Amino acid sequence: MYQMMQPQIDILLFEIIFPLMCFNDKDQNLWDEDPHEYVRKGYDIIEDLYSPRTAAMDFVSELVRKRGKNNLQKFIHFVVDIFRRYDEAPADLKPYRQKDGALLAIGTLCDKLKQTDPYKSELERMLVQHVFPEFSSRVGHLRAKAAWVAGQYAHINFSDPNNFRQAMHCIVSGMRDPDLPVRVDSVFALRSFVEACKDLDEIRPILPQLLDEFFKLMNEVENEDLVFTLETIVDKFGEEMAPYALGLCQNLAAAFWRCMASSEADDEADDSGALAAVGCLRAISTILESISSLPHLFIQIEPTLLPIMRRMLTSDGQDVYEEVLEIVSYMTFFSPTISLDMWSLWPLMMEALNDWAIDFFENILVPLDNYISRGTDHFLACKDPDYQQSLWNALQSIMMDENMEDSDIEPAPKLIEVLFQNCKGNVDPWVEHYLRITIERLRRTQKPYLKCLLVQVIANALYYNPLLTLETLNKLGVAADIFNHWFAMLQQVKKSGARVNFKREHDKKVCCLGLTSLIGLPADKIPAEALDRIFKATLELLVAYKNQVAENKKQNEEDADDMDGFDADEEDDEEVDSDKEMGLDDEDGDEVSSLELQKLAAEARGFQPADSDDDSDDDFSDDEELQSPIDEVDPFIFFVETVQGLQASDPARFQNLMQTLDFRYQALASGIAQHAEERKVEIEKEKLEKANAQ
């Protein structure tokens, strides 16, 4: 195909493609008569599909990427020639529209030019000479295009920092331009400059006026990209945003309501309003995250966000449900206390969960955990509404629903765990109810991960109250079956020797605490043979847990070292890559690098390399674990103290148990006892360090 095209390529490129890239009469009419529509069309993904200009840009990109040898140089000479003619012409005869097309071409080829000699060393000079002067052009569309091109190149290494500084200040000035499209393009370019800015002192003094310009624009235009720039600024300045946090949230909330109103008023219209609404909520989340260490601000912000949470936690908010739940999670986690107003959201989430929101169960789990763990007293004491009852109603209907997939109900056993761990000694009447539905579901569960979670409910119940739980299991006539099933799951290993079940640190710890709690029960409750099995299983689990903790610690340290060198390597790779000729299709290379990146991202999140026959990587990661009361409990110390309690209360039984252990288990037991002593020392040291740090 290319062989046939080659003789005509100049005509194609310079007489057909390039004119499509230039500003035209149609653009000018829209710019003058309906600047809002001009902005919308310029930033609408759907419009891009039908836009000849976008198609022309894509054609040029592909041509220089795959057939760059002859075409890149030729095209750049053509562009430079336009720049030259533009500079030499008198003001009234300058080819403004051709210059616009040439700037669009330079921006489009940004990635290629940044990697290719001799162009990459000339980029700064090109910007200073041909782009920056247009910031003050008398022609609006050139001011807009200059802002856009500058944004594309903000990340290059400027040899003269003044050039970067000058461009950034011009971009900021562009936010006050009389023409709306220039203001919008300037805001988007600002995002790149904020990301690339090494010295935030450049921006710090003008932050208030920047935010001011932002909100003026947000009042005029609904656009998610606007909000992305705001997110970038908040992200970059972190806690420094505290003085502006309330104002930001108020403005974003107002913008959110406007977006919702416009998308409701015109259902047929494009989705830009809905997308911008999602953007507003994401930006609010970013602000809440940035001030997470300043709880008092959450009290001030709450009244602004409550109406959004109240309205959008109903079926009205299905399109933004995930984003709203994230805001609820921040508000319930970082506020000094959970207010009664915030508690009024619990019934809304429960109603949604029972009705249509089962797909969001994993997201709903987070705020519900916060309510139970941070507002335990209110959760237990309040009877109108009865939170304990509503939790039971929801979890029972979900876990007993035969049409519900295993993967859909995974958050349910996690919530029961939250209840037992946070309400120790206060929810005895519920123990039998929850054990009943857990055992019922366990009987028909296929997925190994859910089986583990359900068995962990039993382990948590044992840790909550071993005697009550054991009596309940006996009453239900399932005690022997449950323990046989549990021990069988603990013993399942792969060819590699790795455990099939209870893979995460958290799973092992919960099982350890549950089984250890049984060791302390009197002889009439646990026969000698059962005690022997429990003791051995717990020893093996503790050893596996100890090894995994050590392995993860080592992995995290290695990852931290790797990440330190990561940025520098990335730059170097780009340089090495830069000059290879693009005669071959690049697609395969893209695929490899994206796989590499996925692998890195997975490692960075703390996934260990899982065996190929794993159920899923998720089963292995501890990163989703929320804080829980058992974080403070050391399983080794808990085990040793429980065994010492048994030795003190029933020496003969203890002696009998020790005699039945073979040499291997005795060695494990003394190793665990030694490790428990080391942990005591470490914990004391950590406490001291914490106290000194405060």
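These figures come from a predicted structure and were not determined experimentally.

## A closer look at the packing of helix α26 (residues 428-444) against helix α28 (residues 466-475)
Running from N to C, α26 and α28 point in directions that differ by 50°, and their axes come no closer than 10 Å. Compared by their axis directions, α26 and α28 come out oblique. Read as a crossing pair, α26 and α28 show a hand that is right-handed. In this structure, α26 contributes Asp428, Val431, Glu432, Leu435 and Ile439 to the contact, and α28 contributes Leu468, Thr469, Thr472, Leu473 and Lys475. Across the contact of α26 with α28, the residue classes break down as five nonpolar, two polar and three charged.

## Some details on a nonpolar patch on the surface
Taken together, the side chains of Ile11, Ile16 and Leu20 make up a nonpolar region of the molecular surface, amounting to roughly 240 Å² of accessible area. Residue placement: isoleucine 11 occurs in helix α2 (residues 9-21). Judged by relative accessible area, which is 42%, isoleucine 11 ranks as partly exposed.

## Here we look at the confidence of the model for the protein chain
Chain-level pLDDT for the protein chain is 86 on average; 89% of the residues reach the 70-or-more range. Per-element confidence in the protein chain is highest for helix α20 (residues 340-343), whose mean pLDDT is 96, and lowest for helix α32 (residues 587-604), whose mean pLDDT is 45. Within the model, pLDDT remains below 50 along residues 566-594, and this stretch shows 25 contacts once partners closer than five positions in the same chain are excluded. A low-confidence stretch, residues 597-624 (pLDDT under 50), is modelled with 37 contacts involving residues beyond four sequence positions or located in other chains.

## Observations concerning the packing of aromatic side chains
For the structure on display, the rule yields 35 aromatic pairs. Taking the centre distance of 6.0 Å and the plane angle of 20° together, the rings of phenylalanine 483 and tryptophan 486 count as stacked. Of this pair, phenylalanine 483 and tryptophan 486 both sit in helix α29 (residues 479-491), three residues apart, which is roughly one turn of the helix. Through pairs of rings, three or more aromatic residues link up here, namely Trp343, Trp346, Tyr371, Phe379 and Tyr387. One residue, lysine 424, lies across the ring of tyrosine 463, its end atom 3.7 Å from the ring centre.

## Digging into empty space enclosed by the protein
A full pass over the atoms with the stated rule returns one cavity of 30 Å³ or more. Size it by volume and the largest cavity reaches roughly 40 Å³. Lining the largest cavity we find Met218, Val221, Glu222, Asn223, Leu226, Val227, Ala255, Cys259, Ala276 and Cys280. Grouping the constituent residues of the lining of the largest cavity by class yields eight nonpolar, one polar and one charged.

## Focus: helix α15 (residues 224-237)
With 14 residues, α15 extends 20 Å from end C-alpha to end C-alpha; this agrees with the ideal 20 Å at 1.5 Å per step. Taken across its 14 residues, α15 has ten buried, putting it largely inside the fold. Where α15 is concerned, the buried positions are Leu226, Val227, Phe228, Thr229, Leu230, Glu231, Thr232, Ile233, Val234 and Phe237. Where α15 terminates, the next one or two residues include glycine 238, which has phi positive at roughly 50°.

Parameters at a glance
- Residues numbered from 1 in each chain as written.
- Predicted model: local features only at pLDDT ≥ 70, side-chain atom pairs only at ≥ 80, totals over all residues.
- Heavy atoms only, no water.
- Axes fitted to C-alpha atoms, helices over the stretch in contact; angles between N-to-C directions.
- Helix = DSSP H or I, 4+ residues; strand = E, 2+ residues; numbered from the N terminus.
- Parallel < 35°, antiparallel > 145°, perpendicular 65-115°, else oblique.
- Left-handed = near helix turned anticlockwise from the far one by under 90°.
- Contact = heavy atoms within 4.5 Å.
- Nonpolar A, V, L, I, M, F, W, Y, C, P; charged D, E, K, R; others polar.
- Patch = residues over 30% accessible without salt bridge, like charges linked within 9 Å, V, L, I, M, F, W, Y side chains within 5 Å.
- Areas by Shrake-Rupley, 256 points an atom, 1.4 Å probe, with all protein chains shown as cover.
- Salt bridge = Lys/Arg side-chain N within 4 Å of Asp/Glu carboxyl O.
- Buried < 20%, exposed > 50% of the residue type's maximum accessible area, 1.4 Å probe, protein only.
- pLDDT = per-residue confidence, 0-100.
- Phe/Tyr/Trp six-rings, centres within 6.5 Å; stacked < 30°, edge-to-face > 60°.
- Lys NZ or Arg CZ within 6 Å of the ring centre and 35° of its normal.
- 1 Å grid on protein atoms, 1.4 Å probe; cavity = no way out; pocket = protein on both sides within 12 Å on 5 of 7 lines; lining within 4 Å.
- Points joined across faces, edges and corners; volume = space filled by probe spheres on them.
- Expected span 1.5 Å × (residues − 1).

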